[in-house]
Amino acid sequence: MVRWTWSIAKTKVVINVAISPQFSIWLYAILGFAGLMLSLHLAFRIGQIYMASLYLLSFGLLFFYTVSLKKLPLAGNLLVAFFCLGVAALVWLAEAPGWWELKTKAPQSALALQSIFNWYFSFAFFSTFFREIVKDLEDKEGDAAEACRTYPIVAGEKVAKWLATAIAVLLIGLLLWQYLSQASGFNQGFYLGAMIGVVLPLAYSIQLLQKAQQASDYHRISFLAKMVMLAGILLLFFVNNVK
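Numbering of residues begins from 1 in every chain and follows the order in which that chain's sequence is written. In keeping with the predicted nature of the model, local features appear solely for residues at pLDDT of at least 70, side-chain atom pairs appear and are counted solely at 80 or more, and the whole-chain, interface and lining totals rest on all residues. Based on all heavy atoms of the structure, the side-chain values leave hydrogens and waters out of the count.

Tracing the sequence through the fold places S39 in helix α2 (residues 21–46). Note on contacts: a residue pair qualifies if any of its non-hydrogen atoms lie within 4.5 Å across the two residues. Excluding anything up to four places from it in sequence, S39 contacts A52 and Y55. Helix numbering and strand numbering both begin at the N terminus, where a helix is a DSSP run of H or I of at least 4 residues and a strand a DSSP run of E of at least 2.

Our next topic: the nonpolar core. In this description, a nonpolar core means a group of buried Ala, Val, Leu, Ile, Met, Phe, Trp, Tyr and Cys residues linked to one another through side-chain atoms lying within 4.5 Å. Three labels apply to residues, based on accessible area from a 1.4 Å probe with only protein chains included: buried if under 20% of the type maximum, exposed if over 50%, partly exposed otherwise in between. The biggest cluster of nonpolar side chains holds 39 residues, and the ones touching the most others in it are W119, F130, F186, F190 and I221. Where this core is concerned, the elements lending two or more residues are α5 (107–138), α8 (157–180), α9 (188–211) and α10 (215–234). The element best represented in this core is α5, accounting for eleven residues. Once residues lying within four places of it in the same chain are set aside, the contact partners of F130 are A164, I167, A168, L202, S205, L209, I221 and A225. A88, W92, A110 and F121 belong to the second largest nonpolar core, which has seven residues in total.

The next point concerns the pattern of salt bridges. Should the charged atoms of two oppositely charged side chains come close, the side chains can pair. By salt bridge we mean one thing: a side-chain nitrogen of Lys or Arg within 4 Å of a carboxyl oxygen of Asp or Glu. Counted by the stated rule, this structure contains three salt bridges. Residue E101 pairs with K105 through a salt bridge whose shortest N-O separation is 2.9 Å. Taken as a pair, E101 and K105 lie in helix α4 (residues 75–105) at a separation of four residues, close to a single helical turn. E101 gets classed as partly exposed once you look at its relative accessible area, which sits at 46%. One salt bridge connects E132 with K135, and the closest N-O pair in it is separated by 4.0 Å. Highlighted residues: E132 and K135, both in helix α5, separated by three residues, approximately one helical turn. Look at K135 and you get partly exposed, because its relative accessible area is 22%.

So, about a nonpolar patch on the surface. On the surface, a nonpolar cluster with roughly 630 Å² of combined accessible area is contributed by F223, M227, L230, L234, F237 and F238. Here L230 shows up in helix α10. For L230, a relative accessible area of 42% gives the class partly exposed. Two distance rules govern patches: like charges are joined within 9 Å, and nonpolar side chains (Val, Leu, Ile, Met, Phe, Trp, Tyr) within 5 Å, applied only to residues with over 30% relative accessible area and no salt bridge. Surface accessibility in these figures is a Shrake-Rupley result with a 1.4 Å probe; residues are shielded only by whichever protein chains are displayed.

The residue L74 is not glycine, and still its phi comes out positive at about 70 degrees. Counting through the fold element by element, L74 comes out in the loop between α3 (52–67) and α4. A positive phi angle, near 65 degrees, is found at A147, a position not held by glycine. Here A147 shows up in the loop between α6 (140–145) and α7 (151–155). Judged by its relative accessible area of 62%, A147 is exposed.

This is the structure we're talking about:
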C-alpha cells in the first residue's frame, strides 16, 4: 500500500497506473450522471429549475477544457478561474430572491451582504487565475513535450511571470481599496486575517517569482497560492454577521 501510494504521489498519474482508461471513462460517466441527478434534486428543492441547466453547461465546458482549452494560452486558465468564481455565484443565485427582499426591509444589511459576495467573487477569480499561471510555469517543460500552447510557452517565461505578478498585485490592491473605502460587512478581524493569510503570502510569492527558474521554485509558489486560497475561505469566519 505504501509503495502504491508513493508511486501515485511521485508520478501524479492515476490512469494506467492505478486504474485503467476504460474504468476511468465509466467512473467519469457515473459521477457525471450522479451529479446531474443531485443538481436536479436541488433545483426542484429550491424551486429554481433553471439552475439544473448550469450543471449541464459546466459539465460540457469542463469536458471541452479537458480535450482542448487547457492546451491553449489563457483560455483554460480563465475558464478555471471563472468556475471558482461560479462557486460563490451559485450561492448568490440561489439566494437572490431573499437578497431582494432583504434590500427592501434592511438595505444596509443587504449592502453588507453584497460587499461580502463581491469580495469573494473577486478573490475566487484572481487567486485561482494567479495559481493557474504559476502552475503553467511549473509544468512548462512537460506541456511543451505534449505540444501544448500554454501562456508561458507562447509568451515566454518572463512575460508569464510578470502576468502572475500583476494578478497578485491587483488582488492585494483590491483588498487595500476595500479597507480604505470602509466597505460594509467586514471587521478588523477580517483585515488582520487577510494581512496574515493573503497579503503577506502574496507579497512573498511576488518576491519568489522574480527569482524562480526551476519547476521546484514554481512548485513552492504554487503551494503558497493554495494557502492563500484556503486563507480566503477561512476568512468567512471573520466577516460581520448580516441580520
